[in-house]
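Reading the structure
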Amino acid sequence: MLVNDILDSRYRIWTVAETGKNAFSGCYAGDLLSVVLKSAKAGNLLVTIITNINTVAVAVLADLPAILFCEGAVPSGEMIRKAEEEQIALLSTGLTSVEVILDLVRRSLL
Amino acid sequence: MITLDRHFVIVPNDYNEAGKASSELKRTLKRMGFSRDLIKRVSVASYEAEINIVIHSLGGTADFKIIDDIIYLQFIDCGPGIPDIELAMQEGYSTANEVSRLNGFGAGMGLKNIKKAADDMILVSDCNGTVLKLKFYIREDDKNVG
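Residues numbered from 1 in each chain as written. Chains lettered and ligands numbered in written order. Predicted model: local features only at pLDDT ≥ 70, side-chain atom pairs only at ≥ 80, totals over all residues.

**Section: the overall build of chain B**
Along chain B, the regular secondary structure elements total 5 helices and 5 strands. For chain B, the N- to C-terminal ordering of α and β elements is β-α-α-β-β-α-α-α-β-β. Each principal axis of the C-alpha distribution contributes one length, and for chain B these read about 45 × 30 × 25 Å. Across the 146 residues of chain B, 40% fall into the buried class. Taking the intrachain contacts of chain B between residues at least 6 apart in sequence as the baseline, contacts between residues at least 24 apart amount to 65%. (Helix = DSSP H or I, 4+ residues; strand = E, 2+ residues; numbered from the N terminus. Buried ≥ 20, exposed ≤ 12 C-beta atoms within 10 Å, placed from the backbone. Contact = placed C-beta atoms within 7 Å.)

**Structural notes on the sheet that holds strand 3 (residues 45–48) of chain A**
Residues and elements named next belong to chain A. With respect to topology, 5 strands assemble into an open sheet ordered 1-5-4-3-2, the strand pairing being mixed. Strand pairing shows two members of the sheet lacking a second neighbour, strand 1 (11–13) and strand 2 (27–29), which therefore form its edges. Ignoring strand direction, the axes of neighbouring strands in this sheet form an average angle of 25°. Sheet analysis places strand 1 next to strand 5 (residues 89–93), joined by 3 bridges and oriented antiparallel. When the bridges of strand 5 are listed, R12 appears paired with S92. (Pairing = 2+ DSSP bridges. Axes fitted to C-alpha atoms, helices over the stretch in contact; angles between N-to-C directions.)

**Topic: the interface of chain B and chain A**
Listed by partner, the interface residues are 18 residues for chain B and 16 residues for chain A. Elements with a contribution of two residues or more to the side of chain B that touches chain A: helix 1 (20–31), helix 2 (36–56) and helix 5 (110–117) of chain B. Element by element, the count of residues in the side of chain B that touches chain A is highest for helix 2 of chain B, at 4 residues.

**Concerning helix 2 of chain B**
For helix 2 of chain B, with 21 residues, the first-to-last C-alpha span of 30 Å sits near the 30 Å given by 1.5 Å per residue. With 18 of 21 residues buried, helix 2 of chain B is to be regarded as a mostly interior element. (Expected span 1.5 Å × (residues − 1).)

**Considerations on the environment of C78 of chain B**
Residue and element names in this part refer to chain B. As for its position among the elements, C78 is in the loop between strand 3 (70–77) and helix 3 (85–88). The class of C78 is partly exposed, set by 15 C-beta atoms lying within 10 Å. Note: C-alpha distance between C78 and G110 (32 residues apart in sequence) is 19 Å. C78 has contacts with S57, L58, G59, G60 and G129, leaving out every residue within four places of it along the chain.

**A look at the environment of L37 of chain A**
In this fold, L37 of chain A is placed in helix 2 (residues 33–39). As a C-alpha pair, L37 of chain A and G77 of chain A span 40 residues in sequence and 24 Å in three-dimensional space. Leaving out residues up to four positions away in the same chain, L37 of chain A has contacts with V58, L61 and A62 of chain A together with V44, Y47 and N113 of chain B.

**Re the sheet that holds strand 2 (residues 60–67) of chain B**
Residue and element names in this part refer to chain B. Here we have 5 strands laid out as an open sheet, ordered 1-2-3-5-4, and antiparallel in their pairing. Lying at the two open borders of the sheet, with one neighbouring strand each, are strand 1 (2–10) and strand 4 (120–126). The mean angle between the axes of side-by-side strands here comes to 10°, regardless of whether they run parallel or antiparallel. Pairing analysis gives 7 bridges linking strand 3 to strand 5 (residues 129–137), with the strands arranged antiparallel. In the strand pairing of strand 5, I70 is matched with Y137. In the packing of helix 2 onto the sheet, contacts are made with strand 1, strand 2, strand 3 and strand 5, and the angle to strand 3 comes to roughly 10°.

**Topic: the pairing of strand 4 of chain B**
All names here are of chain B. Summarising the sheet, strand 4 and strand 5 pair through 7 bridges and their orientation is antiparallel. Within the sheet, the bridge partner assigned to L123 lies in strand 5 and is L132. Where strand 4 folds back onto strand 5 in an antiparallel hairpin, the turn is made up of 2 residues.

**Structural notes on the pairing of strand 3 of chain B**
In strand 3 of chain B, alternate side chains face the same way, and those of I71, L73, F75 and D77 of chain B are buried while those of I70, Y72, Q74 and I76 of chain B on the opposite face are not. Joining the antiparallel neighbours strand 2 of chain B and strand 3 of chain B is a turn of 2 residues, in which D68 of chain B adopts a positive phi near 50°.

**Some points on the packing of helix 3 (residues 54–61) of chain A against helix 1 of chain B**
Their axes nearest at 10 Å, the elements helix 3 of chain A and helix 1 of chain B cross at an angle of 20°. Considering the angle they form, helix 3 of chain A stands roughly parallel to helix 1 of chain B. The element helix 3 of chain A and its partner helix 1 of chain B pack so that their crossing is left-handed. Where helix 3 of chain A approaches helix 1 of chain B, its residues A57, V60 and L61 of chain A are matched on the opposing element by S22, S23 and K26 of chain B. Considered class by class, the residues forming the contact of helix 3 of chain A with helix 1 of chain B number 3 nonpolar, 2 polar and 1 charged. (Parallel < 35°, antiparallel > 145°, perpendicular 65-115°, else oblique. Left-handed = near helix turned anticlockwise from the far one by under 90°. Nonpolar A, V, L, I, M, F, W, Y, C, P; charged D, E, K, R; others polar.)

Next up, the structure:
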């Protein structure tokens, strides 16, 4: 699946259009970065509310192609710049993490 | 033969720079063609150790070396030290403050993740600081993969 497949009126992409072509497979939801590092699998979409710039570092280390911020959390300009440098897509939505996962399953994206 | 020798200064409470040394290490290991499994183990351990210095210490350093078929990571900080290492090694135990927790840290998994990832770990701490030494053995099937 591509990051662009997720996008509809409820989701917004913050990084350059090119990152919308990032492919992902499965997803991991979590807000504790050490647990994400331990459990997320390479290629997963990360669903979280943590907009600290370190979330990008975790995505780089765990080979996660995209981060989706839920519950209205949005990335800072610095975070967007860092993510673009690492070619990681940043998205956001007002939905909760559970609503995101249910939505992605319903649309056969997971 | 030494094939990697890097030194980094780690600044306390600088969340923006946290993880920089580990990200660079990961890129270097990838360039050197090691297996994904080895790179992940080294990167995870390095990141957790780096974050621990940022969150808990007064600052410190990280040194990465590859000598023959062993990757050595060494982290040294200037204190205040870990009062009870046994307790700190327990999963879920954390002394991270509110700011760190809001930034996604403080899961109490750091040292546990490091121990699991590394082939060998030595942790020494007193009020003057903490020294963490890690070894990762490069096996034949970890080479020339990437």
